[in-house]
Amino acid sequence: GLSYLDLASGTIYEALYADANFSSLSQDQMWIAYTTRGDSGSNFFIHNLSVLGEPVLIPTLPESDRGAGDGLFSPSNKYIVWREAQGSLMDGNFHSTIRVATLDGQIVNNFVDTMFYDVLQPQAVQTSKNPLPQFGEGTQVSPAGWLNDKTFLVQATSPEKPYDGALVKVNVLTGEMT
């Protein structure tokens, strides 16, 4: 759950009920992202705190049995990026999908983890002093931040070196990765 205090009135408001899992707050503190557990994973919601009414449900992918989270709002609140996951690290079939939507819940793009491998491999080869891990099966990707309203960063880590990763820039509209 999450509550906030209106300093002017001294009133405490409940922004999220107790079963909701906070994901992020927009830079202007007007939007909140959160998840709730469902029968097969989690539901991903965004809510404008300045407007009374129902939150926007962004349906998770059917295969996302490990849930959703790590939501980040773009600087002008045009988009939200988040991660959904499926499978198991222990069974070697874990995969993530980075998703982007507008704040009315319209999906803009989905980036499965395997899409990042071709971008990441040259980075690993080019670094000779401290070589990066080999990126491939089991690589975990998650949103790391926004550079502007069209470009966000994804952090990739390998299961062999979880504390040594790489960043990939992603263009929301074109899908270009560098």
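Just so it is clear, the model here is predicted, and its values are computed rather than measured. (Residues numbered from 1 in each chain as written. Predicted model: local features only at pLDDT ≥ 70, side-chain atom pairs only at ≥ 80, totals over all residues. Heavy atoms only, no water.)

Asks: Outline the confidence of the model for the chain, supporting the account with residue identities and numerical values.
Replies: Here the chain averages 86 in pLDDT, and 89% of its residues register 70 or above. The low-confidence segment residues 124-128 (pLDDT under 50) makes four contacts with residues lying over four places distant or belonging to another chain. (pLDDT = per-residue confidence, 0-100. Contact = heavy atoms within 4.5 Å.)

Asks: Lay out the sheet that holds strand 13 (residues 165-171) with the relevant residues and their values.
Replies: The three strands lie next to each other as 11-12-13, forming an open sheet whose pairing is antiparallel. In the strand order of this sheet, the two ends are held by strand 11 (140-146) and strand 13, each with one partner. Adjacent strand axes in the sheet meet at a mean angle of 30° when their direction is disregarded. Where strand 11 meets strand 12 (residues 151-157), six bridges bridge the pair, whose relative direction is antiparallel. (Pairing = 2+ DSSP bridges. Helix = DSSP H or I, 4+ residues; strand = E, 2+ residues; numbered from the N terminus. Axes fitted to C-alpha atoms, helices over the stretch in contact; angles between N-to-C directions.)

Asks: Account for the pairing of strand 8 (residues 79-86), naming residues and giving values.
Replies: Buried residues dominate strand 8, accounting for six of its eight residues. The pairing of strand 7 (residues 67-73) with strand 8 spans five bridges and is antiparallel. Bridged to L72 within strand 8 is V81. Hairpin connection from strand 7 to strand 8: five residues lie between these consecutive antiparallel strands, with N77 at a positive phi of about 60°. Relative to strand 9 (residues 95-102), strand 8 runs antiparallel, the two sharing eight bridges. Residue pairing for strand 9: Q86 is matched across the bridge by H95. (Buried < 20%, exposed > 50% of the residue type's maximum accessible area, 1.4 Å probe, protein only.)

Asks: Which residues make up the sheet that holds strand 8, and what are the values?
Replies: The strand order across the open sheet built from four strands is 7-8-9-10, with neighbouring strands paired in antiparallel fashion. The sheet terminates laterally at strand 7 and strand 10 (107-112), the two strands that pair on one side only. Across the sheet, the axes of successive neighbouring strands diverge by a mean angle of 20°, strand direction being ignored.

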